[in-house]
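What follows is the residue order along each chain.
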Amino acid sequence: SQKKREPPTEDQILEMSVKELKDLLQNYGQSALATNVVEKSELLQLCIDFIAKSLPDLLSQKYDLVANITHTIPAEVGREGLVDPLEEGSYRCHVEHKSTKQWFEIQDLHVQEIMPQLIGVSESYVLIFEKKSASDL
């Protein structure tokens, strides 16, 4: 498994070679920024501006869904107000296995693989998110 790394600091960026700077931009999907750059000083400034200044703001607003809980009840439950709808029906949980990125659906003791496209978040009872790290961007 690949260990998550925090983005380099401004001081660490200043110590990098041209190749390391270009690799750094490529790792964050920003290699196009360096396309017409000739001088190392300009490349340094691009990296500092993106990695040390823009990236933290971008990361502060990015989340991944890691679990989803749904509750399904028969249509007639709760109509008369005699039965608590949350005590009837069934619960399903969808959970992502982090290292394989495979999603699973769990209902009671039954566990099966599921495609993420089949998870209906509009039917969710609880959604659980994880804040993205720099290496996920």
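Residues numbered from 1 in each chain as written. Predicted model: local features only at pLDDT ≥ 70, side-chain atom pairs only at ≥ 80, totals over all residues. Heavy atoms only, no water.

Considering the overall build of the protein
Moving on, step 1. Assigned secondary structure in the protein consists of three helices and five strands.
Moving on, step 2. Listed N to C, the secondary structure of the protein is α-α-α-β-β-β-β-β in terms of helices and strands.
Moving on, step 3. Here the protein holds 137 residues, and the buried ones make up 23% of them.
Moving on, step 4. Within the protein, residue pairs in contact and separated by at least 24 positions form 51% of the contacts whose partners lie at least 6 positions apart.
Moving on, step 5. Total accessible area on the protein stands at roughly 9800 Å², and carbon and sulfur atoms take up 51% of it. (Helix = DSSP H or I, 4+ residues; strand = E, 2+ residues; numbered from the N terminus. Buried < 20%, exposed > 50% of the residue type's maximum accessible area, 1.4 Å probe, protein only. Contact = heavy atoms within 4.5 Å. Areas by Shrake-Rupley, 256 points an atom, 1.4 Å probe, with all protein chains shown as cover.)

With respect to the packing of aromatic side chains
Moving on, step 1. In the structure shown here, the tally under the stated rule is two aromatic pairs.
Moving on, step 2. Summarising the aromatic geometry, the rings of Tyr-91 and Tyr-125 are spaced 5.9 Å apart at their centres and angled 65° between planes, so their arrangement reads as edge-to-face. Taken together, the residues span a long stretch of sequence, with Tyr-91 in strand β2 (residues 90–97) and Tyr-125 in strand β5 (residues 124–131) at a distance of 34 residues.
Moving on, step 3. On the basis of relative accessible area, Tyr-125 is assigned to the partly exposed category, the value being 44%. (Phe/Tyr/Trp six-rings, centres within 6.5 Å; stacked < 30°, edge-to-face > 60°.)

Examining the pairing of β2
Taken residue by residue, a regular strand's side chains alternate between the two faces of the sheet.
Moving on, step 1. By the bridge criterion, six bridges tie strand β1 (residues 63–72) to β2 in an arrangement that is antiparallel. Pairing of Thr-70 across the sheet is with Arg-92, part of β2.
Moving on, step 2. Two strands pair when backbone bridges link them, and β2 and strand β3 (residues 102–107) are joined in this way by five bridges, in the antiparallel orientation. Bridging from a neighbouring strand, His-97 pairs with Gln-102 of β3.
Moving on, step 3. Once β2 ends, the chain turns through four residues before running back antiparallel as β3, passing Lys-101 with a positive phi of about 65°. (Pairing = 2+ DSSP bridges.)

A closer look at the side chain of His-94
Moving on, step 1. Tracing the sequence through the fold places His-94 in strand β2.
Moving on, step 2. Exposure remark for His-94: the relative accessible area of 3% places this residue in the buried category.
Moving on, step 3. Within polar-contact distance, the side chain of His-94 engages the side chain of Glu-105 at 2.9 Å.
Moving on, step 4. For His-94, the contacting residues outside a window of four places in its chain are Val-66, Ala-67, Asn-68, Thr-70, Trp-103, Phe-104, Glu-105, Ile-114 and Ile-119. (Polar contact = N/O pair within 3.5 Å; in protein donor to acceptor, adjacent residues only side chain to side chain.)

Here's the deal with the sheet that holds β2
Moving on, step 1. If you walk across this open sheet you meet the five strands as β4-β3-β2-β1-β5, and the pairing is antiparallel. At either end of the open sheet lies a strand with only one pairing partner, and these are β4 (110–114) and β5. The average angle at which neighbouring strand axes cross in this sheet is 20°, direction not considered. (Axes fitted to C-alpha atoms, helices over the stretch in contact; angles between N-to-C directions.)

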